[in-house]
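These are the residues of each chain, in order.
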Amino acid sequence: MRAGILGFLHESNTFLDVPTIFEDFERTSMTSGTALIERWTGAHHELGGFLAGGIEAVPGFATFAVPSGTLTADTFEAIAARLIDAARAMEVDGFLVALHGATVAENYPDADGEILRRLRAAVTGPIVVTLDLHANVSEKMVKHATAIVGYRTNPHLDQRERGIEAAHLLRRIVDGAVRPMQALLTPPLAVPIAVQKTSELFLFDDLAHVLTWPGVLSASVFLGFYYADVAEMGTSFYVVADGDAALADRAARYLADRCWARRHELVPKLPAPEEAVAHAIASEKKPVALMDVGDNVGGGSSARSRVLFDECVRQGARSVMVILHEPELVQSCVRAGVRSEVDLGFARGIVKTIGDGRFTETKVRHGGWTHGDQGVSALVETAEDHTIVLTSHRMAPMSLEQVISLGVHPERKQILIVKGTIAPQAAYAPVAGEIVLVDTPGPTANDPRSFAYKHRRVPMFPMEAECEF
Ligand SMILES: [Zn+2]
């Protein structure tokens, strides 16, 4: 069976002022043809899973960019044109499409739904789609997909497996062995990111149960992305069953009802920076990883907030590590040179290392990529033994190689400030004595009640306490 391979992944935070442009995708990853195969073979990503899924892979077009703001209309149209043109040119039995599910364009708030609509109109044959666990799934996506497979872990460590699952499902559909019937339920619910660790979340026990039901081909719990102010924002429950629409409906209803009944358990209370830093200084389980929830790079934030670092300095903490996206400060360090003293404005220190910012990750980490490029980077050490890593590109902290490649030993620090919530824990849990999620401000703040929405459904829980499903 010949399967066309396509990918377009972006998590769009609509609360950011800076739009996402075509160059952001070009710079991060954009491949077609044999370059796509070379780029993704072996990767712990669904695109790597497609290629390992026992099908004859026909490479089309795939791109992704680091989470950031809404895509400009031109960007969406340029990428959509490349993807659809590539699909049209293929002679295949079906398609495997890696989408994020929370991509927002100026002209299409449901960008993923629009891509699938255009693809469906352009080609024949089944379309099996993979989506991130943070997808805001719409009826439009379901309508134009033949079947959908979502990640089941956060941190996302099963991306490759889900790609393989999608490939196997496509093969069975093409062979006529199964007849997929889909069901989607979208209760009015936003689940705060602080409780989205799937290994500790009852929703994923329920999901594991449903996956054992005879006739269920695949099932997914999508926790949604509430940093996107769109009509389909929210949690959703999706099931695809073999030839039995009622079974798919029943399974989705089972998942949604059990979640809704326990929704009050999904509203966490996190410590404020002052409390969290005091706790970290006193803790005997060093290093303590302080998760900067409000400056979550994987959710689109800037990686420039110093709320936690400044609080550490204020309370006299020692040996703190922080990674900041500060291209201009990197240039100051480059000009000053290794072993020179530099004044960063918020700290003084010695430039210890300057690196090219490229690194390789060999372990399975959230995001599934293997090659990182954070741009030219500088490591500054202060008299208080603080380690300040400054990068030229904005990068989510999914790999410790980000700092190890510059000569840092994170396990020797007292406090690690980590710009994320759940996803970076795959990298940081092995070295951290303790992980503390902190209620910091920013465009990825934990509490959905702190955002001024214009386009979401009303009412929704927990933004409106009184709400029905
Ligand atoms: Zn995600």
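Rules and cut-offs
- Residues numbered from 1 in each chain as written.
- Predicted model: local features only at pLDDT ≥ 70, side-chain atom pairs only at ≥ 80, totals over all residues.
- Heavy atoms only, no water.
- Phe/Tyr/Trp six-rings, centres within 6.5 Å; stacked < 30°, edge-to-face > 60°.
- Lys NZ or Arg CZ within 6 Å of the ring centre and 35° of its normal.
- Pairing = 2+ DSSP bridges.
- Helix = DSSP H or I, 4+ residues; strand = E, 2+ residues; numbered from the N terminus.
- Axes fitted to C-alpha atoms, helices over the stretch in contact; angles between N-to-C directions.
- Buried < 20%, exposed > 50% of the residue type's maximum accessible area, 1.4 Å probe, protein only.
- Donors = N, O, S within 2.8 Å, 3.2 Å for Na, K, Ca; no water.
- Tetrahedral: all angles 85-135°; square planar, octahedral: opposite > 155°, others 65-115°.
- Contact = heavy atoms within 4.5 Å.
- Salt bridge = Lys/Arg side-chain N within 4 Å of Asp/Glu carboxyl O.
- Domains from an automatic or database assignment.
- Buried area = accessible area lost by both parts, 1.4 Å probe.

Novice: Help me understand the packing of aromatic side chains in this model?
Specialist: Ring pairs (aromatic) are described by centroid distance and by the angle formed between their planes. Using the criterion set out here, one finds 14 aromatic pairs in the structure. A centroid spacing of 4.6 Å and a plane angle of 55 degrees characterise the contact between tyrosine 226 and tyrosine 227, whose relative ring orientation is tilted. In textbook terms, an aromatic cluster arises when at least three aromatic residues are bridged by ring pairs, as seen for Phe15, Phe225, Tyr226, Tyr227, Phe451 and Tyr453. The ring of tryptophan 40 carries the charged tip of arginine 39 above its face, separated from the ring centre by 4.1 Å. Directly above the aromatic system of tryptophan 260 lies the positively charged group of arginine 263, at a separation of 4.2 Å from the ring centroid.

Novice: I tried to follow the sheet that holds strand E12 (residues 341-343) on my own but got confused; where do I start?
Specialist: What holds strands together in a sheet is hydrogen bonding between their backbones, with the strands either parallel or antiparallel. Taken in spatial order, the 8 strands line up as E12-E13-E16-E17-E11-E18-E10-E19 in an open sheet, and their pairing is mixed. The strands lining the two open edges of the sheet, one partner per strand, are E12 and strand E19 (434-438). Direction aside, neighbouring strands of the sheet carry axes that sit 30 degrees apart on average. The pairing of strand E11 (residues 320-325) with strand E18 (residues 415-418) spans 2 bridges and is parallel. Within E18, the position partnered with valine 320 by the bridge is isoleucine 415.

Novice: Help me understand unusual backbone geometry, please; the structure alone is not making it clear to me.
Specialist: Glycine aside, residues mostly have negative phi, and peptide bonds are mostly found in the trans state. Lysine 286 connects to proline 287 through a cis peptide bond whose omega is -10 degrees. The backbone of serine 319 shows a phi angle near 55 degrees, a positive value even though the residue is not glycine. Given a relative accessible area of 5%, serine 319 falls into the buried group. Of note, arginine 339 is a non-glycine position whose phi angle comes to about 80 degrees, a positive value.

Novice: Would you explain the coordination of the zinc ion in this entry?
Specialist: Angles between donor atoms at a metal ideally measure 109.5 degrees for a four-coordinate tetrahedral arrangement and either 90 or 180 degrees for a six-coordinate octahedral one. For the zinc ion, every protein donor is listed as Asp132 (OD), Asp132 (OD), His134 (ND1) and His156 (NE2), and the spread of their distances is 2.0 to 2.7 Å. Geometry at the zinc ion is irregular, judged from its 4 donor atoms and the angles of 52 to 146 degrees they form at the metal. One chain supplies every donor for the zinc ion, spaced along it as D-x1-H-x21-H. Both residues of the pair, aspartate 132 and histidine 134, count as buried.

Novice: Would you mind showing me how to read the sheet that holds strand E8 (residues 216-222) here?
Specialist: The strand order E7-E9-E8 describes an open sheet built from 3 strands, whose pairing is antiparallel. This sheet does not close on itself; its edge strands, each paired only once, are strand E7 (180-185) and E8. For this sheet, the mean inter-axis angle between neighbouring strands, taken without regard to orientation, is 10 degrees. For E8 and strand E9 (residues 236-242), the ladder comprises 6 bridges, and the chain directions are antiparallel. Bridged to serine 220 within E9 is tyrosine 238. Strands E8 and E9 of the sheet are contacted by helix H8 (residues 202-210), whose axis makes an angle of about 170 degrees with E8.

Novice: Please explain the environment of leucine 201 as it appears in this structure.
Specialist: Position of leucine 201 relative to the elements: it lies in the loop between E7 and H8. Look past the residues within four positions of leucine 201 in its chain and what remains in contact with it is Val195, Gln196, Leu223 and Leu266.

Novice: Honestly, the pattern of salt bridges in this entry has me stumped. Any pointers?
Specialist: Where side chains of opposite charge bring their charged atoms close, a pairing between them can arise. For the structure on display, the rule yields 26 salt bridges. Among the salt bridges present, the one from glutamate 165 reaches arginine 152, with a minimum N-O distance of 2.6 Å. Of this pair, glutamate 165 sits in helix H7 (residues 159-175) while arginine 152 sits in the loop between strand E6 (147-150) and H7, placing them 13 residues apart in sequence. With a closest N to O distance of 3.1 Å, aspartate 206 and arginine 258 form a salt bridge. You can see aspartate 206 sitting in helix H8 and its partner arginine 258 sitting in helix H9 (residues 245-261), a full 52 residues away along the chain. Judged by its relative accessible area of 37%, arginine 258 falls in the partly exposed class.

Novice: Honestly, the domain arrangement of the protein chain in this entry has me stumped. Any pointers?
Specialist: By domain assignment, the protein chain separates into domain 1 (2-266) and domain 2 (273-445). In this structure, domain 1 and domain 2 have C-alpha centres spaced 31 Å apart. Of the residues lining the interface, 23 residues belong to domain 1; the matching set on domain 2 comes to 23 residues. A combined buried area of about 1,900 Å² lies between domain 1 and domain 2, and 61% of that area is made up of carbon and sulfur atoms.

Novice: I'm lost on the pairing of strand E3 (residues 56-64) in this one. Help?
Specialist: In regular strands, side chains alternate between the two faces of the sheet. When strand E1 (residues 2-9) meets E3, the two strands line up parallel, connected through 8 bridges. Residue pairing for E3: leucine 9 is matched across the bridge by phenylalanine 64. Both strand E2 (residues 29-32) and E3 contribute to a ladder of 4 bridges, which runs antiparallel. Bridge pairing links threonine 31 to alanine 62 in E3.

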